[in-house]
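# Coordinates in review
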Amino acid sequence: MHAKEKGIFYLTDNTLAERQAVIEIISTTTNASLRDILSKVYPLLAAYLHRTQIFKHPEITEYFQEYKEQKLFNEIRREFIDKVISNAETRPYNSFPTRNGLVKDIKVGKILLYFVDALGVEFIGLIQEHCKQHGLAANIEFGRADLPTITTVNKKFYEEWNGDKKYSRELDDIKHGKSHTKYALYLAEEIDVVVKILNEIESDLRTKKYEHVVIAADHGASRLVVLNGQEPLHNTTGKSEHYGRCVKVSDCIGNIPSATEENGYWILADYTRFQGSRTAALEVHGGATIEEVLVPVITISLAVNEPVKITLIDDNIIYRPKQPVIITLRFNSPFESVSLNINGQIFSGEKLEDRKHRVVLPGIKAGKYAAEVLENNNSIGNIAFTVQSPAAVENDLGL
């Protein structure tokens, strides 16, 4: 182990300088064991890396996990760029509801809308862990921003909100920093801002100022566009905007397969750029990559103190070929939407009653399983069960 790597054992997360030093060491080492001790040295950074499950979209769950790791480790992988190029054609985020629609469906009452500029999906792991440790419940939904992913096009949800509201652009200001850094040291500042906002929200909830606080963002941003370092590849007749991520339709030349037209702009969905705009130092937005377009809508409230109890109604589960395994769960509290995470695969449940849900498990065969139980992207407990083969059942019966 190099002397610089050993330095991580003497650091804490008490000061910004130390937190940034941890990020620098992690960015320059290939020693996997050092990455494993993040939870002790810098637990908030470990929480940032926590895998964010996005229901029914395992490929996007994996995408954001890879994105966060590459941002932290200050690298970009060729196979990831291949994914970005493929996504530029398929646009998987189009299957998500709009962010405007999600916010509009929220009933205004004793609720605060907290508009956090540039809060991307990358921060959900951090938010979930903070809420868990501070006795807060977070109901998380994911929506798509309007294109191009710039604030002027994506603030209608805030302007039309009739209740109390607050706006923070601290995160966006950090991402638009003008000084190039060799490593993503600014990530420590971003984490500090997110935690500061969550502490403000907790204070408002505990003083009964609000019953719920809704966090919503205008757009995400991309560090990897900057790390990719592409020279401008697409010609224009005028200046492009937002570091080359978009250009007005009238200034675009030729047909660009990786671009999409919306709101009078051509917007790039890969990591290339239009010419006629300076390069960014830290992060960019304005484009149509997944990390720029997908945004969270998070409703935070005080958690119910009663622990969740989960019971398997019938533990006599038998695997039968050509038939999916089905289990039924009973809860001590009512839930609207329940899913199981089994080895990274998400199985959505069907609500039978307020406290009873059935989950169909296609592809599951005989064996022992441990499942994380999720409710609206939040972990509410774990359950273990055994799926028996017909032969094992016959042997038990002495047949």
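Residues numbered from 1 in each chain as written. Predicted model: local features only at pLDDT ≥ 70, side-chain atom pairs only at ≥ 80, totals over all residues. Heavy atoms only, no water.

### What to know about the pattern of salt bridges
Keep this limit in mind: The salt bridge criterion pairs a side-chain nitrogen of Lys or Arg with a carboxyl oxygen of Asp or Glu, the two atoms within 4 Å. Working definition: helices are DSSP H or I runs of at least four residues, strands are E runs of at least two. Numbering for both runs from the N terminus. Only protein chains enter the accessibility calculation, which uses a 1.4 Å probe; a residue is then buried when its area is under 20% of its type maximum, exposed when over 50%, and partly exposed in between.
Applying the stated criterion to the full structure yields 20 salt bridges. For Lys 83, the salt bridge is made with Glu 66, and the minimal N-O distance between the two is 2.6 Å. Pair noted here: Lys 83 is in helix H7 (residues 78–90) and Glu 66 is in helix H6 (residues 58–73), with a separation of 17 residues, a long-range link. On the basis of relative accessibility, which here comes to 11%, the residue Glu 66 falls in the buried class. In this structure, Glu 122 and Lys 175 form a salt bridge, with 3.5 Å as the shortest nitrogen-oxygen distance. Residue Glu 122 is found in the loop between strand S1 (111–116) and helix H9 (124–133), and its partner Lys 175 is found in helix H11 (residues 170–175); the two are separated by 53 residues along the sequence.

### Focus on the confidence of the model for the protein
Condition: By definition, pLDDT measures how confident the predictor is in each residue, and it falls between 0 and 100.
Per-chain confidence: the protein averages 89 in pLDDT, with 94% of residues scoring 70 or above. The least confident element of the protein, judged by mean pLDDT, is helix H15 (residues 390–396) at 58; the most confident is helix H14 (residues 290–293) at 98.

### Quick look at the sheet that holds strand S13 (residues 345–353)
The line we're drawing: Two strands pair if DSSP finds at least two bridges between them.
Strands sit in the order S9-S11-S14-S13-S12-S15-S16-S10 across an open sheet of 8 strands; the sheet is mixed. A strand with exactly one partner marks an edge of an open sheet, and here the two such strands are strand S9 (310–312) and strand S10 (317–318). Sheet topology note: the strand S11 (residues 325–331)/strand S14 (residues 356–361) ladder contains 6 bridges and is antiparallel. Within the sheet, the bridge partner assigned to Val 325 lies in S14 and is Leu 361.

### Some words on empty space enclosed by the protein
Empty space among the atoms becomes visible once a probe the size of a water molecule is rolled across them. The line we're drawing: Definitions used for this entry: grid spacing 1 Å over protein atoms alone; cavity, a set of points where a 1.4 Å probe fits but cannot get out; pocket, an open set with protein on both sides within 12 Å along at least 5 of 7 lines; lining residue, one with an atom within 4 Å of a point. Grid points are joined across faces, edges and corners, and a volume is the space filled by probe spheres set on the points. Note that Gly is not counted as nonpolar here; it falls among the polar residues with everything else outside the nonpolar set of Ala, Val, Leu, Ile, Met, Phe, Trp, Tyr, Cys and Pro and the charged set of Asp, Glu, Lys and Arg.
Tallied over the entire structure, the rule returns 3 cavities of 30 Å³ or more. Of the residues belonging to the lining of the largest cavity, the class tally is 4 nonpolar, 3 polar and 4 charged.

### Side note on the layout of surface pockets
Reported here for the largest pocket is a volume of approximately 1400 Å³. In terms of lining, the largest pocket is formed by 47 residues, of which the most central are Ala 137, Ala 138, Glu 375, Asn 378 and Ile 380. Within the lining of the largest pocket, the residues separate by chemical class into 17 nonpolar, 18 polar and 12 charged. The calculated volume of the second largest pocket comes to roughly 260 Å³. In terms of lining residues, the second largest pocket is bounded by 13 residues, among which Phe 55, Phe 96, Glu 141, Phe 142 and Asn 377 are the most central. No other element matches the 3 residues that strand S2 (residues 136–144) contributes to the lining of the second largest pocket. Counted by class, the lining of the second largest pocket contains 7 nonpolar, 4 polar and 2 charged residues.

### Side note on helix H2 (residues 16–28)
Threshold: Expected span of a helix, by definition, is 1.5 Å for each gap between consecutive residues, and there is one gap fewer than residues.
In this model, H2 (13 residues) spans 19 Å end to end at C-alpha, consistent with the 18 Å of a helix rising 1.5 Å per residue. For H2, the set of buried residues is Glu 18, Arg 19, Gln 20, Val 22, Ile 23, Ile 25, Ile 26 and Ser 27.

### Comments concerning the packing of aromatic side chains
Using the following cut-off: Stacked, edge-to-face and tilted labels apply to pairs of Phe, Tyr and Trp rings (six-membered ring for Trp) whose centres lie within 6.5 Å, assigned for plane angles under 30 degrees, over 60, and everything in between, in that order. By definition here, charges over rings are those cases where NZ of Lys or CZ of Arg is within 6 Å of the ring centre and within 35 degrees of the ring normal.
Summed over the entire model, instances satisfying the criterion amount to 9 aromatic pairs. Aromatic pair Phe 331 and Phe 335: ring centres 5.3 Å apart, planes at 75°, arrangement edge-to-face. Across the pair, Phe 335 and Phe 331 agree in class, each one buried. Here a set of aromatic residues connected by ring pairs shows up, and it is made of Phe 115, Phe 157, Tyr 158 and Tyr 167. Lying across the ring of Tyr 48, Lys 68 places its NZ or CZ 5.9 Å from the centre. The ring of Tyr 158 carries Lys 165 above its face, with NZ or CZ at 4.8 Å from the centroid.

### A look at the side chain of Thr 289
What counts, and what does not: Nitrogen and oxygen atoms within 3.5 Å of one another constitute a polar contact, given that in protein one can donate a hydrogen and the other can accept it, and given that sequence-neighbouring residues count only through two side-chain atoms.
By the element assignment, Thr 289 lies in the loop between strand S7 (265–268) and H14. At a separation of 2.6 Å, a polar atom in the side chain of Thr 289 contacts the side chain of Glu 292.

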